[in-house]
Amino acid sequence: MQGVCMKDLLQQWVDGMVSRLQAEGVLPEGALPGYRMDRPKERDHGDFSTNAAMVLARFAKMKPRDLAARLLATLPQTQTDIDRWEVAGPGFINFFVSHRRLRQQVGEIIAAGSAYGRSTLGRGEKVMVEFVSANPTGPMHVGHGRGAVTGDVLCRLLQATGYAVHREYYINDAGRQVDVLGRSVAHRCRELLENRSLPPPEEFYPGEYVVDIVHALPPPLRKELEAWLVNPRDGQGETVLTTVTRFAVDWVLQDIRKDLTQLDISFDHWFSERSLHEQDGIKHALEILRARGWIHDGLLEKPKGGADKSQGDWEARQQPLFRATLFGDDVDRPLQKPDGQYTYFAADIAYHLNKYERGFARLVNIWGADHGGYVKRVQAALEGMTGTKDVLKVLLVQMVNLTRQGQPVRMSKRAGNFVTLRDVVEQVGSDAVRFWFLTRASVSQLDFDLDLAVARTNDNPVYYVQYAHARICSIGRTMAEKGMQETGDDPASYPYSPDELDLVRYLDTYPEMVESAAQHLEPHRIAFYLQELAAMFHTYYNGNRILDDDPGIRNGRLALCRAVRQVLANGLELMGVKAPERM
RNA sequence: GCGCGGUUAGCUCAGUUGGAUAGAGCGUUGGCCUCCGGAGCCAAAGGUCACAGGUUCAAAUCCUGUACCGCGCGCCA
């Protein structure tokens, strides 16, 4: 790069041209609308193109093409990076990067190595990414896996672009659901004790893992539980159950951690909701809201819809509400139940305030699409508490439809027949699972076909990309076998063909792809980029002999392959997918 | 009823925060192994970007409305 990349350089040039015309009175002083420096789709339209003349034409009271010519008249005279430029179409200004500059790029990619594509865009700013946060009441399913991979790769992207990333998992270990888990364990324990099936409690997790938890109980604790089950009149029941519940939650968390480790995903901090309660975090958050006047006691309107809920028993009651409507939400949201207990929403905003108070002014959450309804209210609360807008961005990851031979696999946690994330990872492998999850934008629903992923792994795009990498490594091995040497000449001296230059141009866009993927929170762009790069390489490889007898040609092509290999490796690293040297 | 997301080739989906002639994979049809890894490559066919208006030099992209699909919607977590 040697300081600036071509895109930034050209942007600076155009900025300079514009301010010169402002000085000459052709364009008015002051703020002007923004213009862009783009990569045109058509090769004929150059390597870079700006719409500046079209955007600014009416401010200069000139036709776009005339203004473009006027702008170009001020272009720097001495430089070797741009061969030529032109005014085209309705008024685009197109720039053509010199071949010399492109050839030089190959050497620079190789020299940059694993740092190629990294940037300091984020300027070390702290950002917290909260993801997965699956309830510790059962094994993770495939949908959790998608969120996990999306979040992990997003973190890698933000890290690569210069942000100080903190990864956090929020443990919902304080609610009714974990109580249900504890009671489920007790129920299974009783079944084992009496050696027969018993009618389950109304709320109950039926999965086989609950039995595993019973077997994993430390003997003294299990004895205590059994004693209480046999003789429940003893007032110790609540404390026994509490201990069992905590053990169960820890067991499930260990299980979840194992799944995440298999996918090479880790967290800086596992934040316990219970600890929030213990530190009076909710009280603290509510005090702030109250001090700012965002809480009022009010009546909540009867909710509309809610198909399968009977609404006959709705009763309007007085309770503390957060004035979410002042910050763009649809209705005010309850913070406490009429009996004084906090709602889940209260705990949630307290957690987000806690993040902010730990010094994170930028928060990103990865949520399943089924939590989409909570985005506005949490954002509203954060704005209410901090006085700052846009602290939190939420990336909603759509559902995963598990299929088998094209037919949907119906899963229900209640029936206990769901396919776990672990099943899938063990069958398909971490690389394929990770890559597959990133072959769709997060907003798109994703079909995951078990048979396709397992039985026909060759069709998986990850192999296509990995194969390109392994192929290049293979060239190196072959060269060694044949006793060929690299000359060590500067690859810039080799006259690349048009196809080879196209490949270089595509390698040159890699850093821009990484930056935009990070800024738009769209990790899937890496997968699409890598597939395209692999395709270009395979085509190139098929049509050109790399290990040519002519040392000059061989050296130039080897350098290009090396650069391609580096970018493939860097991109795969960002995705957390291995770049194998042979397959 | 309301909110969020979606609608692009036969199927599954990309489309760089408005750009020039809308792309890929799978599938279909037909080709490429004396040569560095055929897990590969080449070619062909396939489109009213759901529909109707609007905004402007320019709309798959932004705005409004309509249709259909998914998710969500209590004082649960």
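Residues numbered from 1 in each chain as written. Chains lettered and ligands numbered in written order. Predicted model: local features only at pLDDT ≥ 70, side-chain atom pairs only at ≥ 80, totals over all residues. Heavy atoms only, no water.

A. Representation of the overall build of chain A within the structure. A tally of regular secondary structure across chain A gives 21 helices and 15 strands. For chain A, the spread of C-alpha atoms along the three principal axes comes to 90 × 65 × 40 Å. Out of the 583 residues in chain A, the part that is buried amounts to 51%. Long-range contacts, defined as pairs at least 24 residues apart, comprise 72% of the intrachain contacts of chain A with a sequence gap of at least 6. Taken together, the 70 basic and 76 acidic charged side chains of chain A have centroids lying 1 Å from each other. (Helix = DSSP H or I, 4+ residues; strand = E, 2+ residues; numbered from the N terminus. Buried < 20%, exposed > 50% of the residue type's maximum accessible area, 1.4 Å probe, protein only. Contact = heavy atoms within 4.5 Å. Lys, Arg positive; Asp, Glu negative; His and termini not counted. Charge placed at Lys NZ, Arg CZ, Asp CG, Glu CD.)

B. Region of interest: the environment of aspartate 66. Locating aspartate 66 in the fold gives a position in helix H3 (residues 64–72). With relative accessibility at 43%, the residue aspartate 66 sits in the partly exposed group. In this structure the C-alpha to C-alpha distance between aspartate 66 and glycine 91, which are 25 residues apart in sequence, comes to 8.1 Å.

C. Layout of the confidence of the model for chain A. Looking at chain A as a whole, its pLDDT mean stands at 89, while 92% of the residues score no less than 70. Prediction confidence for the complex, expressed as pTM and ipTM, is 0.94 and 0.95 respectively. (pLDDT = per-residue confidence, 0-100.)

D. Highlighting the pattern of salt bridges. In total, this model carries 31 salt bridges according to the counting rule given. A salt bridge links arginine 358 to glutamate 168; the shortest N-O distance between them is 2.7 Å. Taken together, the residues arginine 358 in the loop between helix H12 (344–357) and strand E11 (363–368) and glutamate 168 in strand E6 (residues 164–171) connect sequence positions 190 residues apart. With a shortest N-O distance of 3.6 Å, arginine 274 and glutamate 278 are connected by a salt bridge. You can see arginine 274 and its partner glutamate 278 sitting in helix H10 (residues 273–278), four residues apart, about one turn around the helix. Given a relative accessible area of 28%, arginine 274 falls into the partly exposed group. The exposed category is assigned to glutamate 278, whose relative accessible area is 55%. Ionic contacts of the salt-bridge type, sharing partners, join the residues Asp152, Arg156, Arg167, Asp264 and Arg434 into one network. (Salt bridge = Lys/Arg side-chain N within 4 Å of Asp/Glu carboxyl O.)

E. Spatial organisation of the nonpolar core. Among the nonpolar cores identified, the biggest contains 142 residues, and Phe95, Val132, Tyr169, Leu225, Leu260, Phe448 and Leu533 are the most heavily contacted of them. In terms of residue count, helix H21 (residues 551–575) provides more of this core than any other element does, eleven residues in total. Counting 32 residues, the second largest nonpolar core, distinct from the first, contains Ala324, Ile349, Leu363 and Met385. (Core = buried A, V, L, I, M, F, W, Y, C linked by side-chain atoms within 4.5 Å.)

F. Geometry of helix H5 (residues 142–160). Compared with an ideal rise of 1.5 Å per residue, which puts 19 residues at 27 Å, H5 spans 27 Å between its outermost C-alpha atoms and is within 8% of the ideal. Glycine 162 sits one or two positions beyond H5 and adopts a positive phi of about 90°. (Expected span 1.5 Å × (residues − 1).)

G. Looking closely at the packing of helix H19 (residues 510–519) against helix H20 (residues 524–543). Axis separation between H19 and H20 bottoms out at 9 Å; the angle between their running directions is 160°. Overall, the two elements H19 and H20 adopt an arrangement that is roughly antiparallel. H20 is crossed by H19, and the crossing has right-handed handedness. Two secondary-structure elements touch here, H19 through Tyr510, Met513, Ser516 and Ala517 and H20 through Arg525, Ile526 and Tyr529. (Axes fitted to C-alpha atoms, helices over the stretch in contact; angles between N-to-C directions. Parallel < 35°, antiparallel > 145°, perpendicular 65-115°, else oblique. Left-handed = near helix turned anticlockwise from the far one by under 90°.)

H. Molecular detail of the sheet that holds E11. Taken together, the five strands give an open sheet; going across it, the order is E7-E6-E5-E11-E12, and neighbouring strands pair in parallel fashion. At either margin of the open sheet sits one strand with a lone partner, and together these are strand E7 (269–272) and strand E12 (392–397). Each strand axis lies, on average, 25° off the axis of its neighbour in the sheet, ignoring direction. Of the pairings in the sheet, the one linking E6 to E7 comprises four bridges and is parallel in character. Looking at the pairing, tyrosine 170 lines up with phenylalanine 271 of E7. Where helix H13 (residues 375–386) meets the sheet, its contacts fall on E11 and E12, and the angle it forms with E12 comes to roughly 170°. (Pairing = 2+ DSSP bridges.)

I. Layout of the packing of aromatic side chains. Per the counting criterion, the structure on display carries 17 aromatic pairs. Here tyrosine 116 and tyrosine 510 contribute two aromatic rings whose centre-to-centre distance is 5.9 Å and whose plane-to-plane angle is 25°, an arrangement assigned as stacked. Taken together, the residues span a long stretch of sequence, with tyrosine 116 in the loop between helix H4 (99–112) and strand E5 (126–130) and tyrosine 510 in helix H19 at a distance of 394 residues. For the pair shown, tyrosine 116 and tyrosine 510 are each scored as buried. (Phe/Tyr/Trp six-rings, centres within 6.5 Å; stacked < 30°, edge-to-face > 60°.)

J. Local environment of the side chain of threonine 343. By secondary structure assignment, the location of threonine 343 is in the loop between strand E10 (333–334) and H12. Given a relative accessible area of 14%, threonine 343 falls into the buried group.

K. Looking closely at the pairing of E5. Across the five residues of E5, four count as buried, placing the element largely inside the fold. In this sheet, E6 lies alongside E5 in parallel orientation, the contact comprising five bridges. Bridged to lysine 126 within E6 is alanine 164. You can see the chain leave E5, run along H5 and come back into E6, and the turn it takes is right-handed. Bridge count between E5 and E11: three bridges; the pairing is parallel. By the bridge assignment, methionine 128 is partnered in E11 with leucine 363. (Right-handed = clockwise from strand over helix to strand, strands pointing away.)

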